[in-house]
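Examining the three-dimensional arrangement
Each chain, letter by letter, is given below.
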Amino acid sequence: MPNVILVTGGHGLVGKAIKHVIDTEPVGSRYGRKEGETWVFATSKEADLRDEAQTKALFEKYKPTHVIHLAALVGGLFMNMKYKLSFLRDNILINSNVLHTSYETHVDKVISCLSTCVFPANIDPPLVESKIHLGPPHESNFGYAHAKRLVDIANHAYKEEHGCNFTAAIPTNIFGPYDNFDLDDSHVIPGLIHKCYLAKKNGTPFTVAGTGNPLRQFVYSYDLAKMFIWQLREYDDVEPIIFSVGENEDISIRSVAEAIVKAIGFEGEVKFDTTKADGQYRKPASNEKLLSLIKAGGDPFVFTPFDSALNDTVKWFVENYDNARTGKEKLAAAGAARA
Ligand code: NAP
Ligand code: GDP
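What comes next concerns the included structure. (Residues numbered from 1 in each chain as written. Chains lettered and ligands numbered in written order. Predicted model: local features only at pLDDT ≥ 70, side-chain atom pairs only at ≥ 80, totals over all residues. Heavy atoms only, no water.)

**Topic: the overall build of the protein chain**
Applicable threshold: Helix and strand definitions here come from DSSP, where helices need a minimum of 4 consecutive H or I residues and strands a minimum of 2 consecutive E residues; each element is numbered from the N-terminal end. Three exposure classes are used, based on accessible area relative to the maximum for each residue type with a 1.4 Å probe and protein chains only: buried under 20%, partly exposed in between, and exposed over 50%. The criterion used for residue contact is that any of the two residues' heavy atoms lie within 4.5 Å. Each accessible area is a Shrake-Rupley estimate made with a 1.4 Å probe; only the visible protein chains count as cover when residues are assessed.
Scanning the protein chain from N- to C-terminus turns up 11 helices and 12 strands. With the C-alpha coordinates aligned to their principal axes, the bounding extent of the protein chain is approximately 60 × 50 × 40 Å. Per-residue burial for the protein chain yields a buried fraction of 51% across its 339 residues. Within the protein chain, residue pairs in contact and separated by at least 24 positions form 79% of the contacts whose partners lie at least 6 positions apart. Of the accessible surface of the protein chain, which amounts to about 15,600 Å², a share of 53% is contributed by carbon and sulfur atoms.

**As for the site of ligand 1**
Quick note on the threshold: Here, proximity means that at least one heavy atom of the residue falls within 4 Å of the molecule or strand. Residues adjacent in sequence count toward polar contacts only when both atoms are side-chain atoms; beyond that, a polar contact is any pair of N or O atoms within 3.5 Å, and within protein one must be able to donate a hydrogen and the other to accept it. By the convention adopted, Pro, Cys, Tyr, Trp, Phe, Met, Ile, Leu, Val and Ala count as nonpolar, Lys, Arg, Asp and Glu as charged, and the other residues, Gly among them, as polar.
Around ligand 1, the surrounding shell holds 27 residues, and the nearest of these are Leu13, Ser44, Tyr144, Lys148 and Arg325. Contacts to ligand 1 include leucine 49, whose backbone N or O atom sits 2.9 Å from a nitrogen atom. Alanine 72 has a polar backbone atom sitting 3.3 Å from an oxygen atom of ligand 1. Burial of ligand 1 by the surrounding chains reaches 88%, relative to a free accessible area of 890 Å². Where the shell around ligand 1 is concerned, the elements lending two or more residues are α1 (13-24), α5 (142-162) and β6 (173-175). When its residues are assigned to classes, the shell around ligand 1 shows 14 nonpolar, nine polar and four charged.

**Re the environment of aspartate 250**
Relative to the helices and strands, aspartate 250 is located in the loop between β10 (241-243) and β11 (251-252). Along the chain, aspartate 250 and arginine 216 lie 34 residues apart, while their C-alpha atoms are 4.9 Å from each other. In contact with aspartate 250, not counting residues within four places along its chain, are Leu215, Arg216, Gln217, Arg282 and Pro284.

**Section: the packing of aromatic side chains**
Spelled out, the test is: For Phe, Tyr and Trp, rings pair up if their centres lie within 6.5 Å, where Trp contributes its six-membered ring, and each pair is then called stacked (planes under 30 degrees apart), edge-to-face (over 60) or tilted (otherwise).
With the rule as written, the count across this model stands at 20 aromatic pairs. Plain terms: the ring middles of tyrosine 103 and tyrosine 158 are 5.9 Å apart, the flat faces sit at 45° to each other, and that makes the pair tilted. Pair noted here: tyrosine 103 is in helix α4 (residues 84-104) and tyrosine 158 is in helix α5, with a separation of 55 residues, a long-range link. Given a relative accessible area of 13%, tyrosine 158 falls into the buried group. Residues phenylalanine 218 and phenylalanine 306 carry aromatic rings whose centres are separated by 6.0 Å and whose planes lie at 40° to one another, so their mutual orientation is tilted. Pair noted here: phenylalanine 218 is in strand β9 (residues 218-220) and phenylalanine 306 is in helix α10 (residues 306-319), with a separation of 88 residues, a long-range link. Since its relative accessible area comes to 5%, phenylalanine 218 is described here as buried. Through successive ring pairs, a cluster of aromatic residues spans Tyr178, Phe181, Tyr197, Trp316, Phe317 and Tyr321.

**Description of the site of ligand 2**
Near ligand 2, the surroundings consist of 17 residues, among which Leu77, Lys195, Arg216, Ala277 and Asp278 are the closest. Note that a nitrogen atom of ligand 2 is positioned 3.1 Å from one of the backbone N or O atoms of alanine 209. Measuring from an oxygen atom of ligand 2, one finds a backbone N or O atom of aspartate 278 at 2.6 Å. Against a free-state accessible area of 550 Å², the protein chains account for coverage of 96% of ligand 2. Elements with a contribution of two residues or more to the shell around ligand 2: α3 (77-82), α6 (188-202) and β7 (206-209). Counting residues per element, the shell around ligand 2 draws most heavily on α6, at three residues. Taken together, the residues of the shell around ligand 2 break down into nine nonpolar, four polar and four charged.

**Notes on α4**
Test applied: Expected span of a helix, by definition, is 1.5 Å for each gap between consecutive residues, and there is one gap fewer than residues.
Its 21 residues give α4 an end-to-end C-alpha distance of 30 Å, which sits within 8% of 30 Å, the value for a rise of 1.5 Å per residue. Among the residues of α4, Phe87, Asp90, Asn91, Ile94, Asn95, Asn97, Val98, Leu99, Thr101 and Ser102 are the ones counted as buried. Its buried side turned inward, α4 meets α2 (52-62), β3 (66-69), α3, β4 (109-113), α5 and β5 (166-171). Following α4 by one or two positions, histidine 106 has its phi on the positive side, about 60°.

In structure tokens form, the structure reads like this:
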């Protein structure tokens, strides 16, 4: 039977990146499309996965043999701080419906997407896959983190009780084309790209939230897409894998802001709003497991250099400003609700 790969959240940052890689890598290559494969990139318009009936209808329509489950309520530090219950509840509902429908319809394999937010806040570095459940997550995003941790618990339970081939990826902070560039509710790179773009356009200062001191590991969405495609084809174990650059390749938010200033060509004042939260200072995650497994099955993994990936992302944002997710959808929806 030919493989049908359903990507939930297929039009988001990571979903679009997987589509890009599948469509542009040579057919039959390690990260390219295989003969006979069908890829389906689902949106929330097609099925709201918080709803069991809509989830079942989506699976009935496409009959996937494999699922890359990306759909989630996603946001950066500030959105996570504001909507802890929504992050907990929406993500538990989405994950429960996708995993249980996959089990009921005999899907061969499911890869779900966690985040390094799942790790305990006060654990000795580096973060490695075996430390997920060893203490409470950071308080700033406990709703999202607990919902995502439960996926790992569910994967083990589905395997023990029903023999399911369910696993998970744990990416660090992701960026790239098609991201959510909302000024308030996005992750740091897309949020700062948008703010710097407006500061240049309006001749105003460029304001970065927090002290600029925290460190983050950033992974380019097109690199991450290759890791998911590799995991789909070459990894069959329930234990999750961290998807990241090396644990010592974390970058300060200040350096990220400087790189964005350079990529946008902004010449005005850069300010740090220290009344805003910094979140966790550092969460260095090890990519040792990922790199050793990818290398064992073929060529070593080659990461896109940060500056080059950032330049490409800025270029995409500037060229696609009118169609990018910038928060204007929210304003339009609020307007429609008031009308
Ligand atoms: P994204 O761009 O916001 O994409 C998430 C997608 O989920 C959206 O496109 C949305 O679909 C879909 N979705 C949300 N609620 C849904 C619902 N109720 N029913 C169906 N679909 C729904 O975020 P992303 O960065 O690509 O995230 C992909 C995965 O990576 C997520 O599981 C996230 O937790 C994880 N992750 C992200 C980061 C990061 O830095 N971005 C870091 C670590 C892990 P529509 O657009 O069609 O509404
Ligand atoms: P995290 O990696 O899960 O903490 O999520 P973020 O991508 O939201 O990164 C948060 C870090 O970036 C914190 O140290 C924030 O203070 C800092 N930061 C600076 N400016 C911004 C911004 O405009 N948006 C966001 N989300 N974070 C920002």
